[in-house]
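Okay, here's what each chain looks like letter by letter:
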Amino acid sequence: MVLCGIDEAGRGPLAGPLTIAGVILRHPIEGLNDSKKLTEKKREELFEIIIQNSDYHIVRFSAAQIDELGLSACLATGLREIMSALGEADYLYDGNSKFGVSGLRTMVKADATIPEVSAASILAKVTRDREMVELASLYPQYGFEGHKGYGSATHIEAIRLYGHCEIHRKSFKLKSLQPSLF
């Protein structure tokens with residue numbers, strides 16, 4: 001049975017989508033690794049090679065969907081959608097939680113050791129990063145093209161100055177932005 005690797009990008013940011021990818025490699029690909037360990041240039045190069053040499057499915061959830069459904073429900077829904085779209089396979093998800101989804105295995109750090117999961121990591125990250133760069137042109141004051149929605153000091157300062165915008169996750173509360181009781 002073929003192996004389908006699954007990984008996500010955008011689980012912890014303050015803004016932007018959650019992106020989940022599933023990949024079944026049709027041919028071996030050199031240079032795969034956890035997307036966080038690769039340069040942006042290398043990820044972009046590998047993205048095109050993965051697209052051409054795999055069966056894949058990418059699912060995204062907007063900040064509004066994450067706020068409405070919750071992160072765990074979005075992850076569970078995304079995992080099920082990938083499994084439905086890619087059919088019969090041995091599914092391996094990076095991490096240690098199945099989010100209530102049966103029919104898949106989990107493995108911590110699979111994105112650094114299993115090529116199919118590395119490929120999924122790259123597809124998810126590049127897809128999400130590209131979207132954040134596009135969104136940066138709509139919301140230039142936040143600097144999304146640099147921090148991609150994660151909680152950097154410059155991003156937190158922008159929220160302090162301008163408040164939240166449409167793509168911020170309102171359900172994510174920052175202690176540094178909460179009013180002090182003292």
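For clarity, every value in this text was computed on a predicted model and none was experimentally measured. (Residues numbered from 1 in each chain as written. Predicted model: local features only at pLDDT ≥ 70, side-chain atom pairs only at ≥ 80, totals over all residues. Heavy atoms only, no water.)

Things to note about helix H5 (residues 115-138)
Defined as follows: Numbering of helices and strands starts at the N terminus; helices are DSSP runs of H or I of at least 4 residues and strands are runs of E of at least 2. Residue count minus one, scaled by 1.5 Å, sets the expected span of a helix. For every residue, the accessible area (1.4 Å probe, protein chains only) is compared with the maximum for its type, and the residue is labelled buried under 20%, exposed over 50%, or partly exposed between those bounds.
With 24 residues, H5 should reach 34 Å at 1.5 Å per residue; the first-to-last C-alpha distance of 35 Å fits that figure. Across the 24 residues of H5, 17 count as buried, placing the element largely inside the fold.

Quick notes on the pattern of salt bridges
Test applied: In the sections that follow, a salt bridge refers to a side-chain nitrogen of Lys or Arg positioned within 4 Å of a carboxyl oxygen of Asp or Glu.
Tallied over the entire structure, the rule returns twelve salt bridges. In this structure, the salt-bridge partner of Lys 36 is Asp 34, at a minimum N-O distance of 3.2 Å. Looking at Asp 34, the relative accessible area reads 6%, which means it is buried. When the shortest N-O distance is used, the salt bridge between Glu 157 and Arg 160 registers 3.1 Å. Of this pair, Glu 157 and Arg 160 both sit in helix H7 (residues 153-162), separated by three residues, roughly a single helical turn.

Here's the deal with the sheet that holds strand E3 (residues 54-61)
Definition in use: Two strands form a pair only when DSSP identifies at least two bridges running between them. For helices, the fitted line uses only the C-alpha atoms of the stretch in contact; every axis is such a line through C-alpha atoms, and the angle between N-to-C directions lies from 0 to 180 degrees.
The mixed open sheet is built from five strands, whose spatial order is E3-E2-E1-E4-E5. At either end of the open sheet lies a strand with only one pairing partner, and these are E3 and strand E5 (104-107). When the angles between neighbouring strand axes are averaged without regard to direction, this sheet yields 20 degrees. Here strand E4 (residues 90-94) runs beside E5; their pairing, made up of four bridges, is parallel.

Digging into the nonpolar core
Filter applied, for reference: Only buried residues count toward a nonpolar core. Its members are Ala, Val, Leu, Ile, Met, Phe, Trp, Tyr and Cys residues joined through side-chain atoms within 4.5 Å. Whether two residues are in contact is decided by their heavy atoms, any of which lying within 4.5 Å being enough.
By size, the foremost hydrophobic cluster in this structure holds 21 residues, and its most contacted members are Cys 4, Ile 6, Ile 82 and Tyr 91. Residue assignment for this core shows that the elements contributing at least two residues are strand E1 (3-9), strand E2 (18-25), E3, helix H3 (71-86) and E4. Per element, the largest residue contribution to this core is seven residues, and it comes from H3. Among all residues touching Ile 82, those that are not within four sequence positions of it are Cys 4, Ile 6, Ile 20, Ala 21, Gly 22, His 57, Val 59 and Tyr 91. Ala 9, Ile 29, Ala 120 and Ile 122 belong to the second-largest nonpolar core, a separate cluster that totals 16 residues.

Side note on the environment of Lys 125
Residue position: Lys 125 is located in helix H5. For Lys 125, a relative accessible area of 18% gives the class buried. The contact partners of Lys 125, leaving out residues within four places of it in the chain, are Ala 9, Ser 35 and Arg 43.

Overview of unusual backbone geometry
Positioned with a positive phi, Phe 99 is a non-glycine residue whose angle comes to about 55 degrees. Locating Phe 99 in the fold gives a position in the loop between E4 and E5.

Details of the state of the cysteines
Selection criterion: Throughout, disulfides are identified as pairs of cysteine sulfur atoms within 2.5 Å of each other.
Evaluated as defined, the whole model comprises zero disulfides. With no disulfide of its own, Cys 4 lies 19 Å from the sulfur of Cys 74, the closest cysteine sulfur. Between Cys 74, a free cysteine, and Cys 165, which holds the nearest cysteine sulfur, the sulfur-to-sulfur gap is 18 Å. A relative accessible area of 0% places Cys 74 in the buried class.

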